[in-house]
Amino acid sequence: MKTAYFFDFDGVICDSIHECFEVSFNAFYKYNQTVKEKSQIRDLFFEYRGLVGPAWQYYYLHDVLNNYNDNFENEFMNSISNSNDKTKREFQNEFFKERAQFKKNNFDGWIRLNPLTKLGNSLIGKAANNSYIITTKDKDSVELILNYFNIEMVEIFSKEEFEKFQTKGKIIDFIMNKSSYEKGVFIDDHVGHLDSVDNDKVECYFEERGYGINTSYPVYKGWIL
């Protein structure tokens with residue numbers, strides 16, 4: 001049976017949490033200079049980073065980190081529900097501008113903040129093997145990291161495609177419909193992305209070594225590849 005493998009990137013292929021913290025903190029600081037020190041929010045950021053999907057949501061993560069009073073997750077989800085289109089657009093632009101500057105000024109340091117996960121390491125030097133990246137990360141960053149570590153993919157679907165299709169599930173449907181794959185396997189650490197899949201041919205697995213919190217999905221145990 002011809003099977004396609006769909007991988008999230010951050011938390012699944014790459015352990016980028018330190019890079020995401022640095023970039024999002026600096027972007028938020030430029031957007032709003034009244035913020036707590038990094039040391040005051042770092043641990044909470046690491047704890048709740050799994051709630052974030054697209055990059056604009058880092059704005060609301062940091063905003064709640066700096067101001068929340070009671071239930072962090074509820075306050076974050078309320079902020080997302082009441083998000084402002086102008087803020088989303090401006091902060092996301094600032095986030096990717098900050099990342100691009102980081103890569104340009106200190107590429108080696110940037111790579112060090114993006115080590116591979118166990119799954120990522122298992123892909124080094126292998127043929128593409130019907131494998132795809134589906135991520136909300138920018139394509140340039142994904143390509144740089146994959147090339148640096150000698151990891152091949154058939155294709156990368158990044159933030160541009162996510163913005164077009166709106167969900168990872170729809171991207172997977174697009175790939176499956178234009179190909180001859182009889183089955184798909186999707187691995188992500190964000191339950192919201194797994195929930196977006198509505199295709200009987202696709203099996204969804206949660207990557208517990210990532211940043212998210214599982215609900216009811218089977219955990220990826222490394223036996224698929």
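Residues numbered from 1 in each chain as written. Predicted model: local features only at pLDDT ≥ 70, side-chain atom pairs only at ≥ 80, totals over all residues. Heavy atoms only, no water.

## A word on the sheet that holds strand S1 (residues 3–7)
Thought 1: Pairing is parallel in the open sheet, where five strands are placed in the order S3-S2-S1-S4-S5. Among the strands making up the open sheet, the edge pair consists of strand S3 (155–157) and strand S5 (202–206). The sheet shows a mean angle of 20° between the axes of neighbouring strands, direction not considered.
Thought 2: Pairing geometry for S1 and strand S4 (residues 183–188), over five bridges, is parallel. Its bridge partner being in S4, Phe7 is matched across the sheet by Ile187. (Pairing = 2+ DSSP bridges. Helix = DSSP H or I, 4+ residues; strand = E, 2+ residues; numbered from the N terminus. Axes fitted to C-alpha atoms, helices over the stretch in contact; angles between N-to-C directions.)

## Quick word on the pairing of S5
Thought 1: Counting buried residues in S5 gives four out of five residues, a clear majority hidden from the surface.
Thought 2: Relative to S5, S4 runs parallel, the two being bridged by five bridges. Each bridged residue has a counterpart across the sheet, and for Ile187 the counterpart in S5 is Tyr205. (Buried < 20%, exposed > 50% of the residue type's maximum accessible area, 1.4 Å probe, protein only.)

## Concerning the pattern of salt bridges
Thought 1: The tally for this structure, following the rule as stated, stands at 18 salt bridges.
Thought 2: Where Arg49 meets Asp10, a salt bridge forms, and the shortest distance between an N and an O atom there is 3.8 Å. Within this pair, whereas Arg49 is found in the loop between helix H2 (38–48) and helix H3 (57–67), its partner Asp10 is found in the loop between S1 and helix H1 (17–31), the two being separated by 39 residues in sequence.
Thought 3: Take Asp10: its relative accessible area is 10%, and that puts it in the buried class. (Salt bridge = Lys/Arg side-chain N within 4 Å of Asp/Glu carboxyl O.)

## Re empty space enclosed by the protein
Thought 1: As enumerated under the stated definition, the model contains two cavities of 30 Å³ or more in all.
Thought 2: Within this model, the largest cavity holds a volume of roughly 200 Å³.
Thought 3: Looking at the largest cavity, it is lined by 21 residues, and the ones nearest its centre are Asp10, Arg49, Val52, Gly53 and Thr136.
Thought 4: A breakdown of the residues in the lining of the largest cavity according to their chemical character gives six nonpolar, seven polar and eight charged.
Thought 5: Considering only enclosed or pocket space, the second largest cavity measures out at about 30 Å³ in volume.
Thought 6: Looking at the second largest cavity, the residues that line it are Pro54, Ala55, Gln92, Phe96, Thr136, Lys159, Phe162 and Glu163.
Thought 7: The element best represented in the lining of the second largest cavity is helix H9 (residues 159–165), accounting for three residues.
Thought 8: Residues that form the lining of the second largest cavity fall into these classes: four nonpolar, two polar and two charged. (1 Å grid on protein atoms, 1.4 Å probe; cavity = no way out; pocket = protein on both sides within 12 Å on 5 of 7 lines; lining within 4 Å. Points joined across faces, edges and corners; volume = space filled by probe spheres on them. Nonpolar A, V, L, I, M, F, W, Y, C, P; charged D, E, K, R; others polar.)

## Some details on the packing of H3 against helix H4 (residues 72–81)
Thought 1: Where H3 contacts H4, the two axes come as close as 9 Å, and the packing angle between them is 135°. In terms of their interaxial angle, H3 and H4 are classed as oblique. Every pair of crossing elements has a handedness; the one defined by H3 and H4 is right-handed. Facing H3, whose interface residues are Gln57, Tyr60, Leu61, Val64 and Leu65, H4 presents Phe72, Glu75, Phe76, Ser79 and Ile80.
Thought 2: Its residues assigned to classes, the contact of H3 with H4 comprises seven nonpolar, two polar and one charged. (Parallel < 35°, antiparallel > 145°, perpendicular 65-115°, else oblique. Left-handed = near helix turned anticlockwise from the far one by under 90°. Contact = heavy atoms within 4.5 Å.)

## Notes on H4
Thought 1: Along H4, the residues that are buried comprise Phe72, Phe76, Ser79 and Ile80. Along the axis of H4, the buried positions cluster into a sector of 100°, meaning they face one direction only.
Thought 2: Against H2 and H3 lie the buried residues of H4.
Thought 3: Taking the backbone nitrogen of Glu73 as reference, a side-chain oxygen 3.2 Å away marks Asn71 as the first, capping residue of H4. (Arc of directions from axis to C-beta. Polar contact = N/O pair within 3.5 Å; in protein donor to acceptor, adjacent residues only side chain to side chain.)

## Here we look at the packing of aromatic side chains
Thought 1: Per the counting criterion, the structure on display carries 21 aromatic pairs.
Thought 2: Their ring planes at 40° and their centres at 5.9 Å tell us that Phe107 and Trp110 sit as a pair that is tilted. Pair noted here: Phe107 and Trp110 are both in helix H6 (residues 107–112), with a separation of three residues, about one helical turn.
Thought 3: Of the residues examined, Phe107 reaches a relative accessible area of 28% and is grouped as partly exposed.
Thought 4: When the ring of Phe165 is compared with that of Phe174, the centres are 5.3 Å apart and the planes differ by 50°; the resulting orientation is tilted.
Thought 5: The rings of Phe21, Phe25, Phe28, Phe45, Phe46, Trp56, Tyr58, Tyr59, Tyr60, Phe91, Phe95 and Phe96 are connected pair by pair, giving a single aromatic cluster.
Thought 6: Positioned above the aromatic ring of Tyr181, the side-chain terminus of Lys2 is 5.1 Å from the ring centre.
Thought 7: Sitting above the plane of the Trp56 ring, Lys88 keeps its charged end 4.4 Å from the centroid. (Phe/Tyr/Trp six-rings, centres within 6.5 Å; stacked < 30°, edge-to-face > 60°. Lys NZ or Arg CZ within 6 Å of the ring centre and 35° of its normal.)

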